[in-house]
Each structure stands twice: as structure tokens, then as C-alpha cells.
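Overview (structure and organization)
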Amino acid sequence: MEFMFMVARWSHIIGGFLALCVFWIPIVTKKGRKTHRRSGWVYVVAMSIVSISALYMGIYRLAFDSSFHAEDVPFSWFLIFIAILSGGAVWYGLRVLRYKKRTVTHRKMVDLLFPILLLISSIAISIYGWKIDFPLLKFFPIVGVFLGGIQLQYWLSVPTRRSHWIVEHIIGMLSCCIATVTAFTVFGAPRLLQIESVSLVVWIIPILVFVPLILGFTTYYTNKMDGKRSTYRK
């Protein structure tokens with residue numbers, strides 16, 4: 001078990017470092033081109049490794065680690081939540097491309113499961129955060145509630161704009177970036193900069209950076225693809 005934990009830990013570190021190195025490339029390169037697609041897939045693979053390893057480490061430390069200290073419990077729950085958030089976001093970002101031509105509601109359970117899980121876990125983690133008075137767990141899950149609601153609403157509604165799929169793809173992938181950078185600022189930055197890891201300033205910075213990017217990109221592609229037409233035609 002300890003060996004598997006070390007494998008998961010190093011996989012998490014390597015995957016996270018790779019994701020931090022390449023996440024900006026799909027953002028700045030032209031959408032649909034070879035560089036965008038290839039770097040995007042590298043990011044997807046890296047984040048899949050990060051999510052799976054984070055989930056494993058969080059569960060392991062809560063259930064099997066005999067050297068685990070009580071003060072580490074909140075961070076283990078945060079690790080599990082980040083795994084759900086990032087994994088769900090990257091899955092969503094891929095699946096909207098798979099069904100970009102849909103003209104009806106989408107009710108496949110494999111796609112509804114992640115937003116439902118994200119909504120439930122966000123509410124549960126936030127309640128837990130308020131119960132133990134842990135700021136990071138109090139407020140950060142609001143992001144998960146918001147994203148889970150958006151994803152669920154998108155799948156269960158009929159597309160009305162031509163740009164629907166690219167807008168949701170951008171939301172999914174940049175939301176995953178928020179999770180990536182937040183995890184780094186919470187766990188990595190305190191060790192490098194000697195600052196308080198649970199400070200609201202630390203985890204709110206990625207939100208302040210990426211939310212304007214999401215709004216800017218979605219507005220641009222909505223205007224570019226839809227123009228003055230708001231109705232989607234097959």
C-alpha cells in the first residue's frame with residue numbers, strides 16, 4: 001500500500017508539473033489546429049493522471065494511513081474534491097466536442113454522472129468546511145456548485161446557438177485550469193513563498209485570472225460563430 005501511495009504521489013507530481021507547463025498552449029494557439037489539438041491531448045492525459053492519483057491519495061490517507069494526523073484531514077478532503085472537480089471538468093470539455101452536432105437533450109448517464117457528483121460533493125464539502133471552520137473548504141466548493149449546475153443544465157437543454165459546443169469546451173477546459181492552478185497554489189506555493197496555504201488570497205487568484213479568460217473567449221466565439229443569429233439551425 002505504501003509503495004502504491006508513493007507511485008501515486010510521484011505520478012501526481014509529474015502529471016501536475018506537465019499540466020502546468022502545457023495548459024497555456026491550447027489557450028494561445030489557434031483552435032482546431034494541430035498544435036492546439038496535440039497540446040490539448042497532452043493536457044488531458046496529464047490531468048487524468050493528476051485526478052486519479054489525487055483521488056487515490058486522498059482516500060488512502062483517510063482510510064489506510066496509520067501515520068495520518070487529524071489536522072491533515074481537511075486537506076485530504078480537499079484533494080478528493082479537486083480530483084472530482086478537475087476530472088469532471090476535463091471529461092466535460094471532451095464530451096461536448098463528441099456531441100457538438102446534437103440538436104436534442106442529452107441524457108447519457110456517463111455524462112450526467114460527473115455534474116451530479118460534483119454538485120453533491122461540493123455541497124457536502126462546503127457543509128463540512130463550515131462545520132470545522134476551514135475557509136478553503138467553506139468557499140472553494142462554490143466553484144463546484146456553479147460548474148456542476150452549468151454542466152447539468154447544458155446536457156439537459158436543447159442547443160440554441162451554433163457556438164454552444166465550443167463555448168462549453170472552453171468552460172470545461174479553463175475550469176480544469178482553475179483546479180490545476182488552485183491545487184498548486186494551495187499545496188505548492190506555500191512551500192515556495194512561505195505563505196499561509198489556506199489564505200483566501202491564495203486560492204482566489206486562479207479564479208480572478210481564469211474567469212475573465214472564460215468570459216472573454218466565450219464572448220468572442222459566440223459573436224464569431226453566431227453573429228446576429230441566436231437560433232441554431234442544423
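Remember, predicted model here, so these are calculated numbers, not experimental data.

Some details on the overall build of the protein
Looking only at helices and strands, the protein features ten helices and zero strands. N-terminal to C-terminal, the α/β element order of the protein is α-α-α-α-α-α-α-α-α-α. Here the protein holds 234 residues, and 47% of them are scored as buried. Within the protein, contacts between residues separated by at least 24 positions form 77% of all contacts whose residues are at least 6 apart in sequence. Of the roughly 12,800 Å² that the protein leaves accessible, carbon and sulfur atoms contribute 70%.

Overview of the packing of aromatic side chains
Given two aromatic rings, one states the distance between the centres and the angle between the planes to describe the pair. Applying the stated criterion to the full structure yields 15 aromatic pairs. Note on Tyr-60 and Phe-64: the rings are 6.3 Å apart at their centroids and 35° apart in plane angle, and the pair reads as tilted. Ring centres of Tyr-220 and Tyr-221 lie 4.9 Å apart, and the angle between their planes is 85°; this geometry places the pair in the edge-to-face category. Residue classification places Tyr-220 among the partly exposed positions, given a relative accessible area of 46%. For Tyr-221, a relative accessible area of 10% corresponds to the buried category.

Focus on the layout of surface pockets
Here the second largest pocket is characterised by a volume of approximately 530 Å³. Forming the walls of the second largest pocket are 22 residues, and the residues nearest its centre are Pro-26, His-36, Leu-97, His-169 and Met-173. Elements that contribute at least two residues to the lining of the second largest pocket include exactly helix H2 (24-28), helix H3 (34-63), helix H4 (73-98) and helix H8 (164-187). Grouping the amino acids of the lining of the second largest pocket by side-chain chemistry returns 15 nonpolar, four polar and three charged.

What counts, and at which threshold
- Sequence positions are assigned chain by chain, starting from 1 and proceeding in written order.
- Local features in this predicted model are restricted to residues of pLDDT 70 or higher, and side-chain atom pairs are both shown and tallied only at a pLDDT of 80 or more, whereas totals for entire chains, interfaces and linings draw on every residue.
- Hydrogens are left out, water is left out, and the side-chain values use all remaining heavy atoms of the structure.
- Numbered from the N terminus, helices here are DSSP runs of H or I no shorter than four residues, and strands are runs of E no shorter than two.
- Think of it in three bands: residues with accessible area under 20% of the maximum for their type are buried, residues over 50% are exposed, and the middle band is partly exposed, with areas taken using a 1.4 Å probe on protein chains only.
- Should any heavy atoms of two residues lie within 4.5 Å, those residues are counted as being in contact.
- To measure how exposed things are, a 1.4 Å probe is used in the Shrake-Rupley method; for residues, cover is taken only from the protein chains shown.
- Any two rings among Phe, Tyr and Trp, with Trp reduced to its six-membered ring, count as a pair given centres within 6.5 Å; such a pair is stacked if its planes are under 30 degrees apart, edge-to-face if over 60, and tilted if neither.
- Of the two site types, the cavity is a set of points on a 1 Å grid over the protein atoms alone where a 1.4 Å probe fits but cannot get out, and the pocket is an open set with protein on both sides within 12 Å along at least five of seven lines, each lined by residues with an atom within 4 Å of a point.
- Grid points are joined across faces, edges and corners, and a volume is the space filled by probe spheres set on the points.
- Polar here means any residue other than Ala, Val, Leu, Ile, Met, Phe, Trp, Tyr, Cys and Pro, which are nonpolar, and Asp, Glu, Lys and Arg, which are charged; Gly is therefore polar.

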